[in-house]
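So the chains spell out like this:
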Amino acid sequence: DGGITQSPKYLFRKEGQNVTLSCEQNLNHDAMYWYRQDPGQGLRLIYYSQIVNDFQKGDIAEGYSVSREKKESFPLTVTSAQKNPTAFYLCAVAGEDTGELFFGEGSRLTVL
Amino acid sequence: AQKVTQAQTEISVVEKEDVTLDCVYETRDTTYYLFWYKQPPSGELVFLIRRNSFDEQNEISGRYSWNFQKSTSSFNFTITASQVVDSAVYFCALMGRRGAQKLVFGQGTRLTINP
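Novice: Please set out the overall build of chain A residue by residue, giving values where relevant.
Specialist: Along its length, chain A carries 0 helices and 11 strands. The linear arrangement of helices and strands in chain A, starting from the amino end, is β-β-β-β-β-β-β-β-β-β-β. Computed over the C-alpha atoms, the radius of gyration of chain A is 13 Å, within 12% of the 13 Å expected from 2.2 N^0.38 for a compact globule of 112 residues. Judged by the C-alpha coordinates and their principal axes, chain A covers about 40 × 25 × 25 Å. Residue burial in chain A is summarised as follows: out of 112 residues, 51% are buried. Once local pairs closer than 6 in sequence are excluded, the contacts in chain A between residues at least 24 apart make up 51%. Accessible surface, chain A: about 5,500 Å² in total, of which carbon and sulfur atoms supply 46%. Side-chain charges in chain A split into 11 positive and 14 negative, and the spacing between the mean points of these groups amounts to 10 Å.

Printed below as a string of structure tokens:
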């Protein structure tokens, strides 16, 4: 199958715990992104990476960390420093030719 | 700064009615791209259209059409003869700098089509 795979789809976490969300792609695109969506709101950019071993903060990076050791993978860690982590997280990959972002199915994180 | 405004939070219409979703954007870039995405209840964002700032031609794809007007900084989306399957949240988005490819999203419009 081609595309973007996010896992897990649903995740529950206790306060004070770090959690890592996975994003894998086999589209061979360089640019990858993490967005956060809160109920009734649009998507806000957390981090993005345009090339392996390089990434940039987005608009709401505090309390999050990422790595980009492989082209196919861009995991997001939600740390205990993130005050309101309950949200829907979407990973995206950019198609260079069209400037279009392709999205994964999302991961819904709930902090108990 | 770049900004996208979707003033309509929720719209509800009866099936077969036409409906227009509004999108107004702000950017200082001379080259930019505008997008519409559909988010069904499953959560995944589905790409609908991309339009660059140099192409003001309206586009029609089946029951969907888009009206891009630079003079009013608007990129409105019309669904003709709406169907229940069109029910979703629709997002308008702006990409201001080609290199960074960062999308700025509006807050979305929840569209409900009633049978």
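Novice: Let's hear about the overall build of chain B: which residues, and what values?
Specialist: Looking only at helices and strands, one finds 0 helices and 12 strands in chain B. Put simply, chain B runs from its N terminus to its C terminus through helices and strands in the order β-β-β-β-β-β-β-β-β-β-β-β. Its C-alpha atoms give chain B principal-axis dimensions of roughly 45 × 30 × 20 Å. Across the 115 residues of chain B, 46% fall into the buried class. For chain B, long-range pairs separated by at least 24 residues make up 55% of all intrachain contacts whose partners lie at least 6 apart in sequence. As displayed, chain B offers around 5,700 Å² of accessible surface, 46% of which is attributable to carbon and sulfur atoms. Of the side-chain charges in chain B, 12 are positive and 12 negative, and the distance between the mean point of each set is 8 Å.

Novice: So what's going on with the sheet that holds strand β1 (residues 4–7) of chain A? Residues and values would help.
Specialist: Residues and elements named next belong to chain A. A sheet is described by the order of its strands in space; here 4 strands give the open sequence β1-β3-β8-β7, paired in antiparallel fashion. With partners counted over all chains shown, the strands left at the sheet margins are β1 and β7 (64–66), one partner each. Each adjacent strand pair in this sheet contributes to an overall mean axis angle of 20°, direction not counted. As paired strands, β7 and strand β8 (residues 76–78) are joined by 3 bridges and run antiparallel to one another. Among the inter-strand pairings, S65 is bridged to a residue of β8, identified as T77.

Novice: If you had to explain the state of the cysteines to someone new, which residues and values would you point to?
Specialist: On inspection of all chains with the given rule, the structure shows 2 disulfides over all chains. The disulfide bridge from C23 of chain A ends at C91 of chain A, spanning 1.9 Å between sulfur atoms. Since a negative S-S torsion denotes a left-handed disulfide, the C23 of chain A-C91 of chain A link at about -70° is left-handed. Of this pair, C23 of chain A sits in strand β3 (residues 19–25) while C91 of chain A sits in strand β9 (residues 87–95); the two residues are 68 residues apart in sequence, bridging distant segments of the chain. For the pair C23 of chain A and C91 of chain A, a shared accessibility class is recorded, and that class is buried. The residue that forms a disulfide with C23 of chain B is C92 of chain B, at a sulfur-sulfur distance of 1.9 Å. The disulfide joining C23 of chain B to C92 of chain B has a torsion of about -65° about its S-S bond and is therefore left-handed. Highlighted residues: C23 of chain B in the loop between β3 (19–21) and β4 (24–26) and C92 of chain B in strand β10 (residues 88–95), separated in sequence by 69 residues. No difference in accessibility class separates C23 of chain B from C92 of chain B, as the two residues are buried.

Calculation criteria
Residues numbered from 1 in each chain as written. Chains lettered and ligands numbered in written order. Predicted model: local features only at pLDDT ≥ 70, side-chain atom pairs only at ≥ 80, totals over all residues. Heavy atoms only, no water. Helix = DSSP H or I, 4+ residues; strand = E, 2+ residues; numbered from the N terminus. Rg over C-alpha atoms; globule rule 2.2 N^0.38 Å. Buried < 20%, exposed > 50% of the residue type's maximum accessible area, 1.4 Å probe, protein only. Contact = heavy atoms within 4.5 Å. Areas by Shrake-Rupley, 256 points an atom, 1.4 Å probe, with all protein chains shown as cover. Lys, Arg positive; Asp, Glu negative; His and termini not counted. Charge placed at Lys NZ, Arg CZ, Asp CG, Glu CD. Pairing = 2+ DSSP bridges. Axes fitted to C-alpha atoms, helices over the stretch in contact; angles between N-to-C directions. Disulfide = S-S within 2.5 Å.

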